[in-house]
Amino acid sequence: MSLPKPEELARVNYQPPARGWMEVKPDFRPGTYCNAASPKWLEWIDYPYPRQWSVAEEDWQLPENWKEIVLEGMEDRLARFRSLKLFFDICVRCGACADKCHFFLGTGDPKNMPVLRAELLRSVYKRYFTRIGKALGELVGARDLDEKVIKEWFFYLYQCTICRRCSLFCPYGIDMAEMTLLGREMLASIGINIDWAMASVAQCYDKGSHIGATPQAFKDMIDFLAEENERITGIKTPVSYNRKGAEILFVTPSGDYFADPGTFTLMGYLLLFTYLDLDWTFSTYAAEGGNFGWFVSHEMGKRLNAKIYHEAERLKVKWILGGECGHMWRVCNQYMPTWFGQVPSFLEVPVSPVTGTVFENARVHKMVHISEFTADLLRHNKLKLDPQRNAHIKLTFHDSCNTSRGMGIFEEPRYIIQHVLPEGHFFEMPPNTIREKTFCCGSSSGINANENMELRMQGGFPRANAVRYVHERYGVNHLGCICALDRATLPTLLQYWVPEVEVTGITELVGNALVFEGEIERTTDLRDRDLVGVGEQEGGEEEE
């Protein structure tokens, strides 16, 4: 499968089709959908109807009573989630959300307008759960549930990244993300799942991380990164594993220790913790902060979240510090208290051992984001930094959807950036693309596979377009973020649309700038790139 050239994909046709939306069926072209989940992943987590099937084939091998299962599932969710019925009933089709979805902007497909994506579910609700829909059918936008509808749900519910940008502009506050999640739950109830997400979920459930790393492999990867720190800085960054009685349990997504550029962010964590002489530990059994389970169902999100708190209790820590992640934080900040019904009483309200700051915002879930923690350190002048070590970086900042719209973390990363970059090296993207209005990376919610690359490049086009703007206008060469999933997806996106720009975590920049007693002379950053000014004088003498 060949990916179209950027100039071809950038030509988006926004002309609506001549036929009504119910008549236009999805086009399952290679590059526009994720593969069906392998049955082994569903068997690992005891999910229903594991089977070998293909999205490209006509027969999806649905269970015999699939229609009954889906309708019973919708009835159950209408009863349990008052929000779902409310969202179905109050939408007035005003269109305020229509051009806010990055997938609509990137594909031009009207069914990627959130108002119409919701209609895919609402039309079935009307047909089976409202009197007028039962009586008048399509005349009032109701339709029968058949296999074509199920395929349509699959196609478009996996073109929503649960980013909630549309909800920001909705005058009624309708949350398309919740509707998408509940729709995916109903698909999962008849064995329709995507492979990339379910592989991550099953491996996390079985071994503790999305990549299926054993405790030994987890330790080996992080020990290697500690060795890299010593090679580059001369500073040993010892790592604690499964240590009972440590004050803090540190949890971070597997992307931070598995693949670049996340690994450089993890090196930054280790340098920061060593600088502070922090009393912390990893758990090799809760080796995953991310939560792909949330992309599948509330129930699976709850299952995967529980291990973090089980390990915190087993290790008898006081509170939890979390790395740069998006969905990890939305789950803990917005879902965990509801799922579990009570706060973890065995943990304390987090207090910085360095500054004494009480993180009141973490009173319920007892977890602090690394950006909150680091910004507090800087506010109290607890870090010695040399911003000139990041002088080769001209940065713009991507507000990750879950930490920004989902948690309200806007100022902390920017405050850190102002301290670790030289003055004049930070540039914001246009106001309608950042902060609460930020565009998504286009590959979140479990769809960051390889087989749907064309769709990913289309969905990420609005984000990349804003990056291109600051690159061309200000010479920006790095895009910063505080989400491991962004660090996994944005490099591919930018390599396609804006190849001159690299992706970095913010704690990586902190690691570059930290000044230690006893460090060796720094000539490179954590990526082994020469620092600005190093070797220039010698080069000039040779030329003379």
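Residues numbered from 1 in each chain as written. Predicted model: local features only at pLDDT ≥ 70, side-chain atom pairs only at ≥ 80, totals over all residues. Heavy atoms only, no water.

Looking at this structure, how should I read the overall build of the protein chain?
Assigned secondary structure in the protein chain consists of 24 helices and seven strands. Taking 544 residues into account, the globule formula puts the C-alpha radius of gyration at 24 Å, and the protein chain, at 24 Å, falls close to it. C-alpha extents for the protein chain along the principal axes are approximately 80 × 60 × 40 Å. Restricting to contacts in the protein chain with at least 6 residues of sequence separation, those with at least 24 account for 77%. Only carbon and sulfur atoms are counted for the fraction: they give 49% of the accessible area of the protein chain, which is about 21700 Å². Within the protein chain, the 73 negative side-chain charges are centred at a point lying 8 Å from the centre of the 59 positive side-chain charges. (Helix = DSSP H or I, 4+ residues; strand = E, 2+ residues; numbered from the N terminus. Rg over C-alpha atoms; globule rule 2.2 N^0.38 Å. Contact = heavy atoms within 4.5 Å. Areas by Shrake-Rupley, 256 points an atom, 1.4 Å probe, with all protein chains shown as cover. Lys, Arg positive; Asp, Glu negative; His and termini not counted. Charge placed at Lys NZ, Arg CZ, Asp CG, Glu CD.)

Sorry, what's going on with the pattern of salt bridges here?
Working definition: two side chains of opposite charge can pair if their charged atoms are close together. Enumeration over the complete set of coordinates arrives at 35 salt bridges. Residue lysine 126 pairs with glutamate 119 through a salt bridge whose shortest N-O separation is 3.9 Å. In this structure glutamate 119 comes out as buried when scored by relative accessible area, which is 8%. Aspartate 386 is the partner of arginine 389 in a salt bridge, and the nearest nitrogen-oxygen pair spans 3.8 Å. Accessibility expressed as a relative area gives 9% for arginine 389, which makes it buried. Residue aspartate 386 is classed as partly exposed on the basis of its relative accessible area, which comes to 29%. One network of salt bridges, in which partners are shared, links Glu502, Glu508, Asp525, Arg527 and Arg529. (Salt bridge = Lys/Arg side-chain N within 4 Å of Asp/Glu carboxyl O. Buried < 20%, exposed > 50% of the residue type's maximum accessible area, 1.4 Å probe, protein only.)

Honestly, the packing of aromatic side chains in this entry has me stumped. Any pointers?
Between two aromatic rings, the relevant description is the distance of the centres plus the angle of the planes. This structure, assessed with the given rule, holds 31 aromatic pairs. Seen in terms of ring centroids, tyrosine 275 and phenylalanine 516 are 5.3 Å apart; in terms of plane orientation they differ by 80°. Their pairing is edge-to-face. Residue tyrosine 275 is located in helix 14 (residues 262–276), and its partner phenylalanine 516 is located in the loop between helix 23 (506–513) and helix 24 (536–543); the two are separated by 241 residues in the primary sequence. A residue is classified by how much of its surface remains accessible, and tyrosine 275, at 25% relative accessible area, is partly exposed. (Phe/Tyr/Trp six-rings, centres within 6.5 Å; stacked < 30°, edge-to-face > 60°.)

Honestly, the domain arrangement of the protein chain in this entry has me stumped. Any pointers?
Accessible area lost on assembly of the parts is the figure often given for the size of an interface. Parsing the protein chain into structural domains produces domain 1 (23–193) and domain 2 (199–513). Placing the centre of domain 1 and that of domain 2 at their C-alpha centroids yields a distance of 30 Å. In total, about 3200 Å² of surface goes out of reach between domain 1 and domain 2, with carbon and sulfur atoms giving 61% of it. With a shortest N-O distance of 3.3 Å, glutamate 454 and arginine 29 are connected by a salt bridge. Between domain 1 and domain 2 we count 19 residue pairs in polar contact (both at pLDDT 80 or more) in total. Contributing elements (two or more residues each) for the side of domain 1 that touches domain 2: helix 2 (39–44), helix 5 (102–107), helix 9 (165–169) and helix 10 (176–188). Broken down by class, the residue content of the side of domain 1 that touches domain 2 amounts to 19 nonpolar, nine polar and eight charged. (Domains from an automatic or database assignment. Buried area = accessible area lost by both parts, 1.4 Å probe. Polar contact = N/O pair within 3.5 Å; in protein donor to acceptor, adjacent residues only side chain to side chain. Nonpolar A, V, L, I, M, F, W, Y, C, P; charged D, E, K, R; others polar.)

Teacher, can you tell me more about the sheet that holds strand 5 (residues 395–397) here?
Strand pairing within a sheet occurs via backbone hydrogen bonds; the two strands may be parallel or antiparallel. What the three strands build is an open sheet, ordered 5-6-7; its pairing is parallel. The sheet is open, and its two edges are formed by strand 5 and strand 7 (502–505), each paired on a single side. In this sheet, neighbouring strand axes are inclined to one another by 35° on average, regardless of whether the strands run parallel or antiparallel. One ladder, built from three bridges, connects strand 5 with strand 6 (residues 478–481); its direction is parallel. Looking at strand 6, one finds that phenylalanine 397 is bridged to glycine 480. (Pairing = 2+ DSSP bridges. Axes fitted to C-alpha atoms, helices over the stretch in contact; angles between N-to-C directions.)

Just checking my understanding: could you explain the pairing of strand 1 (residues 248–251) for this structure?
For a regular strand, side-chain orientation follows a simple rule: the groups alternate between the two sheet faces. Judged by which residues are buried, strand 1 turns out to be covered on both faces: Ile248 and Phe250 on one side and Leu249 and Val251 on the other are all buried. Where strand 1 lies against strand 3 (residues 319–322), four bridges are found, and the strand directions are parallel. Looking across to strand 3, one finds that leucine 249 is bridged to isoleucine 320.

Any chance you could explain the environment of lysine 307 here in plain terms?
Note that lysine 307 resides in helix 15 (residues 298–315). Look at lysine 307 and you get buried, because its relative accessible area is 14%. Residues lysine 307 and tryptophan 280, 27 residues apart in the sequence, show an inter-C-alpha distance of 18 Å. If near-sequence neighbours (up to four positions away) are discounted, lysine 307 is found in contact with Cys204, Gly208, Tyr285, Ala286 and Glu288.

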